[in-house]
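Chain and residue survey
For reference, the chains in residue letters:
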Amino acid sequence: MDQRNQFHRQVALMRQSLFDQGYIDEQFVQLEELQDDTNPNFVEEVVTLYYRDSARLIVSIEQALDKSPLDFNKLDSLMHQFKGSSSSIGARKVKAECTQFREYCKAENGEG
Amino acid sequence: MATEAKFHVLAVDDSIIDRKLIERLLRTSSYQVTAVDSGSKALELLGLNRDKEGEEEEIGDEAEETPSVSPSCQEMEVNLIITDYFMPGMTGYDLLRKIKESKYYKNVPVVIMSSENVPSRITRCLEEGAEEFFLKPVQLSDVNKLRPHLLKGRGRDQKAASSIELAVS
């Protein structure tokens, strides 16, 4: 019983540190609130979908970055998708990076 | 409040994450949900995709004045449509227009969602007949705003049984 409590505490601490470090935000709490007895794995399902979707997007982004000259419109469109899904699950830091990336796209700043 | 059949919402979004989220939000509010990933799929489901210049009067035998009489197999019973704005191919705005042009669906409330807060976009959608414009990520408080629109629709359908003239606002 003690071990279980310890695990619970550890998970709670990890979760809190993700918030403290700005990795996740309010929106993640909204997701947690949508989880209940009828949908006990909601958060896990959404996060899993997010990882899969992100992996796919990252591959597309990398391919687009390999092209010369850079297609900024394509990159911007991909980042828009990535930013959207990150925002929907509360992945704050990722979302911020996406926003930054899109600024570079708008400025056609290939170096950025 | 008497709840007969559950309200049926059609959700349109190309993002699988947003689809999952909106589905969950809607189901939590006890709505029946069908989620599709594009405007064209939505039109297909609604039976609006057959003919671009389609004469919808040809679809089914129901009188043009009472669109809410039992649907033929092409039309679908839908109480609200919620769609993302920015989608490849057909945007939510295009979808909105097609729905408003449809005899059968033009009175179905349409809600647009977008991750970008662009006032001119919001105005355009509302002018075209969208009931609400939600900024993403959509939350439960937004979904709660849908209920009055759905109830209004249902009330209107019930009135249509007795009077053919619908008050179009």
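Per an unreviewed UniProt entry, chain B carries the name Response regulatory domain-containing protein and comes from Punica granatum.

Chain A goes by Histidine-containing phosphotransfer protein in an unreviewed UniProt entry, where it is assigned to Punica granatum. As recorded by UniProt, the Function (unreviewed entry) comment attached to chain A reads in full: "Functions as a two-component phosphorelay mediators between cytokinin sensor histidine kinases and response regulators (B-type ARRs). Plays an important role in propagating cytokinin signal transduction."

1. Here's the deal with the overall build of chain A
Each helix and strand in chain A was counted, giving 5 helices and 0 strands. Its helices and strands in sequence order give chain A the pattern α-α-α-α-α, from N to C terminus. Taking 13 Å as the expected radius of gyration for a compact globule of 112 residues, we find that chain A reaches 17 Å, considerably beyond that expectation. Judged by the C-alpha coordinates and their principal axes, chain A covers about 60 × 30 × 20 Å. Within the span of chain A, comprising 112 residues, buried residues form 34% of the whole. Expressed as a percentage of contacts within chain A between residues at least 6 apart in sequence, the contacts between residues at least 24 apart total 51%.

2. Concerning the packing of aromatic side chains
Taken as a whole, this structure holds 4 aromatic pairs over all chains when the rule is applied. Taking the centre distance of 6.5 Å and the plane angle of 70° together, the rings of Phe-19 of chain A and Phe-28 of chain A count as edge-to-face. For Phe-28 of chain A, a relative accessible area of 14% puts it in the buried group. Residue placement shows Arg-24 of chain B over the ring face of Phe-42 of chain A; its charged tip is 5.7 Å from the ring centre. Here the basic side chain of Arg-124 of chain B rests over the ring of Tyr-93 of chain B, its NZ or CZ set 4.1 Å away from the ring centre.

3. Overview of the confidence of the model for chain B
Residue and element names in this part refer to chain B. Residues of chain B with pLDDT of at least 70 account for 75%, and the chain-wide mean is 82. Low pLDDT, under 50, characterises residues 52-73; the stretch is placed with 29 contacts to residues that sit more than four places away or in other chains. If you check the scores for this complex, the pTM reads 0.81 and the ipTM reads 0.83.

4. Points about the environment of Asn-39 of chain A
Structurally, Asn-39 of chain A is set in the loop between α2 (26-33) and α3 (42-66). Given a relative accessible area of 24%, Asn-39 of chain A falls into the partly exposed group. Ignoring sequence-local partners within four residues, the contact set of Asn-39 of chain A consists of Leu-34 of chain A together with Arg-24 of chain B.

5. With respect to helix α1 (residues 2-20) of chain A
Residues three or four positions apart in an α-helix share a direction because the helix packs 3.6 residues into each turn. Residues and elements named next belong to chain A. Between its first and last C-alpha atoms α1 spans 27 Å; for 19 residues at 1.5 Å apiece the expected length is 27 Å, and the two agree. Burial within α1 is sparse, with just 0 of its 19 residues counted as buried. Positive phi appears at Gly-22, one or two residues downstream of α1, with a value of about 80°.

6. Focus on the UniProt feature "modified residue: Phosphohistidine" (unreviewed entry) in chain A
Mapped onto this numbering, the UniProt entry annotates "modified residue: Phosphohistidine" (unreviewed entry) at His-80 of chain A. Mapping His-80 of chain A onto the fold places it in helix α4 (residues 72-89). Beyond its immediate sequence surroundings of up to four residues, His-80 of chain A is in contact with Arg-102 of chain A together with Phe-86, Ser-115 and Glu-116 of chain B.

7. A short note on the packing of α3 of chain A against helix α1 (residues 16-28) of chain B
Following both chains from N to C, one finds α3 of chain A and α1 of chain B inclined at 165°, their axes separated by 9 Å at the closest point. What the angle tells us is that α3 of chain A and α1 of chain B run roughly antiparallel. Note that α3 of chain A runs across α1 of chain B; the crossing there is right-handed. Residue-level inspection shows Phe-42, Glu-45, Val-46, Leu-49, Tyr-50 and Asp-53 of chain A of α3 of chain A in contact with α1 of chain B, the latter providing Ile-16, Ile-17, Lys-20, Leu-21 and Arg-24 of chain B. Broken down by class, the residue content of the contact of α3 of chain A with α1 of chain B amounts to 7 nonpolar, no polar and 4 charged.

8. Regarding helix α5 (residues 92-106) of chain A
Residue and element names in this part refer to chain A. The first and last C-alpha atoms of α5 sit 21 Å apart over 15 residues, in line with the 21 Å expected at 1.5 Å per residue. All buried positions along α5 are accounted for by Cys-98, Arg-102 and Cys-105. Taken down its axis, α5 places every buried residue within 50° of arc, on the same side. Its buried side turned inward, α5 meets α4. At the C-terminal side of α5, Glu-108 shows a positive phi close to 50°.

So, how was this worked out
- Residues numbered from 1 in each chain as written.
- Chains lettered and ligands numbered in written order.
- Predicted model: local features only at pLDDT ≥ 70, side-chain atom pairs only at ≥ 80, totals over all residues.
- Heavy atoms only, no water.
- UniProt positions renumbered as here; feature names shortened; annotations may be inferred.
- Helix = DSSP H or I, 4+ residues; strand = E, 2+ residues; numbered from the N terminus.
- Rg over C-alpha atoms; globule rule 2.2 N^0.38 Å.
- Buried < 20%, exposed > 50% of the residue type's maximum accessible area, 1.4 Å probe, protein only.
- Contact = heavy atoms within 4.5 Å.
- Phe/Tyr/Trp six-rings, centres within 6.5 Å; stacked < 30°, edge-to-face > 60°.
- Lys NZ or Arg CZ within 6 Å of the ring centre and 35° of its normal.
- pLDDT = per-residue confidence, 0-100.
- Expected span 1.5 Å × (residues − 1).
- Axes fitted to C-alpha atoms, helices over the stretch in contact; angles between N-to-C directions.
- Parallel < 35°, antiparallel > 145°, perpendicular 65-115°, else oblique.
- Left-handed = near helix turned anticlockwise from the far one by under 90°.
- Nonpolar A, V, L, I, M, F, W, Y, C, P; charged D, E, K, R; others polar.
- Arc of directions from axis to C-beta.

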